[in-house]
Amino acid sequence: METPGSQSSLHRANLERVVRAVRLAGSLTQAEIARTTGLSAATVSNIVRELKDGGTVEVTPTSAGGRRARSVSLSGDAGIVIGVDFGHTHLRVAIGNLAHQVLAEEAEPLDVDASADQGFDRAEQLVNRLIAATGVDRTKVAGVGLGVPGPIDVESGTLGSTAILPGWGGTKPAEELRERLGVPVHVDNDANLGALGELVWGGGKGVRDLAYIKVASGVGAGLVIDGKIYRGPGGTAGEIGHITLDESGPVCRCGNRGCLETFAAARYVLPLLQPSHGADLTMEGVVRLAREGDPGCRRVIADVGRHIGSGVANLCNLLNPSRVVLGGDLAEAGELVLGPIRESVGRYAIPSAARQLSVLPGALGGRAEVLGALALALSEMGDSTLLEGSSPVSAPAFT
């Protein structure tokens, strides 16, 4: 048994610090590990050598700043994580390893009227299918990240009322999936996972403060403050869709009037164009037509962008993020929507906050949430697990 403050406990703590830094980043040079952990270069070198000999990490030659360097990542066979993303009309599952490599990914349509039990059964089947297809060892599954389109109560894990997946309100998604898969499951809302996905793999890499705005059937924001997702004490932080723009505006699903969502979400925007463009019009179709030059679709997208920009300006004034990443189908409109967003930010945000802000489309498209689910599973697993049973002559094992 290690004595707190002893040399052996300090060494163990340093091992875990290095493993955590690499696990969250995917790969780092030894110099980056030293900067991230605050450990000396010599200490990092010794720890990396020990972890490599024990099979916990892999070291490959690379370059940094024009100089030769060594890139450190967790061993590809050290463990497996699974990401599950439920959307308004889709279910997407991905399997990845601890080196941040996606091994398999698949999406399938989801009936919006399906019950929660049916949805979780479908997720279990898709997870099992991908595990079989990749041939990974089930005993090495360290955890599952799960995304749902609605607020999750931080304390109870209960999904709040949601009109996006009717009938799912009051369920405990993590508990339901944990019972089916037999491994730890960590749940969050889709906007937070989109932010996490872009932070780790996409347009937010290297940024400490950002907002990910997802515009789809609803409107939500995932907030990253000082490199971490901010959820608030009740798990409802980032509900930018319910900022009031017009007290006399349309009635929102939340019961208020004139919320941003009533001016930007697909369910409110599509009826503006369906009389002239057909009842089967989708947001994907609106974006495609706008890019092709359709004047009605261009006008609607510009109006949506200006409304979103008003909400983003409020975020700027309150939180002063350095970057806003736009996700969902609307991001595919590019400058047709980003330009009006920037225009509103410039008009309504305080000048210093507006100058520091960059507004970009998401780099991951529809994959942002499921990759964020993988990142959530990676961030929640314990580093001590990776070190259990490891030594300079034996590889670590999952139990």
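Conventions we followed
Counting from 1, residues in each chain are numbered in the order their sequence is written. In keeping with the predicted nature of the model, local features appear solely for residues at pLDDT of at least 70, side-chain atom pairs appear and are counted solely at 80 or more, and the whole-chain, interface and lining totals rest on all residues. Based on all heavy atoms of the structure, the side-chain values leave hydrogens and waters out of the count. In this text, helices come from DSSP runs of H or I with a minimum length of four residues, and strands from runs of E with a minimum of two, each type numbered from the N-terminal end. Buried, partly exposed and exposed residues are distinguished by accessible area as a fraction of the type maximum, computed with a 1.4 Å probe on protein chains only: under 20%, between the cut-offs, and over 50%, respectively. Throughout, a contact is declared for two residues whenever any of their heavy atoms are within 4.5 Å. Using a 1.4 Å probe, the Shrake-Rupley method yields the accessible areas, and only the shown protein chains count as cover for residues. Two strands are said to pair when DSSP picks up at least two bridges between them. Working convention: axes come from line fits to C-alpha atoms, limited for helices to the stretch in contact. Angles between N-to-C directions cover 0 to 180 degrees. The criterion is simple. A nonpolar core is a set of buried Ala, Val, Leu, Ile, Met, Phe, Trp, Tyr and Cys residues joined through side-chain atoms within 4.5 Å. By salt bridge we mean one thing: a side-chain nitrogen of Lys or Arg within 4 Å of a carboxyl oxygen of Asp or Glu. Helices are assigned an expected span. That span is 1.5 Å times one less than the residue count. Our angle categories are set so that under 35 degrees counts as roughly parallel, over 145 as roughly antiparallel, 65 to 115 as roughly perpendicular, and the remainder as oblique. In this scheme, a crossing is called left-handed if the near helix is turned counterclockwise away from the far one by less than a right angle; it is called right-handed if the turn is clockwise. UniProt positions are given in the numbering used here, feature names are shortened, and annotations may be inferred rather than shown by experiment. Throughout, the edges of the domains are those of an automatic or database domain assignment. Each residue gets one label: Ala, Val, Leu, Ile, Met, Phe, Trp, Tyr, Cys and Pro are nonpolar, Asp, Glu, Lys and Arg are charged, and the others, such as Gly, are polar.

A. Broad picture of the overall build of the protein chain. When its secondary structure is counted, the protein chain shows 14 helices and 13 strands. By principal-axis analysis of the C-alpha atoms, the protein chain measures approximately 70 × 50 × 40 Å. When burial is assessed residue by residue, the protein chain has 50% of its 399 residues classed as buried. Considering only contacts within the protein chain whose residues lie at least 6 apart along the sequence, 61% involve residues at least 24 apart. When the accessible area of the protein chain is evaluated, it comes to approximately 17800 Å², of which 49% is carbon and sulfur surface.

B. Representation of the sheet that holds strand S6 (residues 102–109). Taken together, 5 strands build an open sheet; the order of strands is S6-S5-S4-S7-S8 and the sheet is mixed. Each edge of the open sheet is held by one strand with a lone partner, namely S6 and strand S8 (185–189). Strand-to-strand, the axes of this sheet are offset by a mean angle of 15°, without reference to chain direction. Pairing of strand S4 (residues 80–86) with strand S5 (residues 90–97) involves 7 bridges; the strand directions are antiparallel. Among the inter-strand pairings, Val81 is bridged to a residue of S5, identified as Gly96. Against the sheet, helix H6 (residues 190–201) engages strand S7 (141–148) and S8, with an angle of about 100° to S8.

C. Structural context of the nonpolar core. If you look at the biggest cluster of nonpolar residues, it comprises 45 residues, and the most contacted ones within it are Ile33, Leu51, Val72, Leu98 and Leu196. The set of elements that each furnish at least two residues to this core consists of helix H1 (7–25), helix H2 (30–37), helix H3 (41–53), strand S2 (57–64), strand S3 (67–74), H6, strand S9 (210–215) and helix H13 (368–380). With 9 residues, the top contributor of residues to this core is H13. Excluding residues that lie within four positions of it along the chain, Leu196 makes contacts with Ile229, Gly372, Ala375 and Leu376. One finds Val269, Val287, Val300 and Ala331 within the second-largest nonpolar core, a separate group that totals 43 residues.

D. Spatial organisation of the sheet that holds S3. One open sheet accounts for 3 strands, arranged S1-S3-S2; its pairing is antiparallel. Of all the strands in the sheet, the pair left with one neighbour each is strand S1 (27–29) and S2. Taking the axes of each pair of neighbouring strands and ignoring which way they run, one obtains an average angle of 30° across the sheet. Strand direction decides the pairing type here: S1 and S3, joined by 3 bridges, are antiparallel. Each bridged residue has a counterpart across the sheet, and for Leu28 the counterpart in S3 is Val72. Sheet strands in contact with H3 are S2 and S3, and its direction is about 135° off that of S2.

E. Inspection of the pattern of salt bridges at higher detail. Enumeration over the complete set of coordinates arrives at 18 salt bridges. With a closest N to O distance of 3.7 Å, Arg180 and Asp117 form a salt bridge. One end of the pair, Arg180, is in helix H5 (residues 173–181); the other, Asp117, is in helix H4 (residues 116–134), with 63 residues separating them in the sequence. Look at Asp117 and you get partly exposed, because its relative accessible area is 45%. As a salt-bridge pair, Asp188 and Arg231 come within 2.6 Å of each other at their nearest N and O atoms. Pair noted here: Asp188 is in strand S8 and Arg231 is in the loop between strand S11 (228–230) and helix H7 (261–264), with a separation of 43 residues, a long-range link. Take Asp188: its relative accessible area is 4%, and that puts it in the buried class. It is possible to trace a salt-bridge network through shared partners that takes in Glu106, Glu108, Arg122 and Arg129.

F. Spatial organisation of H4. If you check H4, its first and last C-alpha atoms are 27 Å apart, about what 19 residues at 1.5 Å a residue would give, namely 27 Å. If you follow the buried residues of H4, they end up packed against S4, S5, S6 and H5. In the stretch just after H4, Gly135 is the one whose phi turns positive, near 75°.

G. Seen up close, the packing of helix H8 (residues 266–277) against helix H9 (residues 283–291). Interaxial distance between H8 and H9 falls to 10 Å at its minimum, and their mutual angle equals 60°. With respect to their mutual orientation, H8 and H9 come out oblique. The crossing of H8 and H9 is left-handed. Along its contact with H8, which presents Ala266, Val269, Leu270, Leu273 and His277, the element H9 presents Met283, Val286 and Leu289.

H. Summary view of the UniProt feature "domain: HTH marR-type" (unreviewed entry) in the protein chain. Those residues carrying the UniProt feature "domain: HTH marR-type" (unreviewed entry) are residues 18–68 in this numbering. Segment residues 18–68 splits into 57% helix and 25% strand. End C-alpha atoms: 21 Å apart.

I. Spotlight on unusual backbone geometry. A positive phi angle is found at His100, which is not glycine, with a value near 65°. On the basis of relative accessibility, which here comes to 13%, the residue His100 falls in the buried class. Of note in this structure, Asp226 is not a glycine but carries a positive phi near 55°. Mapping Asp226 onto the fold places it in the loop between strand S10 (219–225) and S11.

J. Structural detail: the domain arrangement of the protein chain. Partitioning the protein chain into structural domains gives domain 1 (7–74), domain 2 (79–194 + 369–388) and domain 3 (204–363). Just the C-alpha atoms count here: the centres of domain 1 and domain 3 sit 39 Å apart.

K. Structural view of the packing of helix H10 (residues 295–319) against helix H11 (residues 335–348). Between H10 and H11, the least distance of the axes is 7 Å, while the angle of their chain directions is 40°. Here H11 runs oblique to H10, going by the angle between their axes. Along this stretch, H10 crosses H11, giving a crossing that reads as right-handed. Across the interface between the two elements, Arg298, Ile301, Ala302, Gly305, Arg306, Ile308, Gly309, Ser310, Val312, Ala313, Cys316 and Asn317 of H10 pack against Leu336, Val337, Pro340, Ile341, Glu343, Ser344, Val345 and Tyr348 of H11. Residues that form the contact of H10 with H11 fall into these classes: 12 nonpolar, 5 polar and 3 charged.

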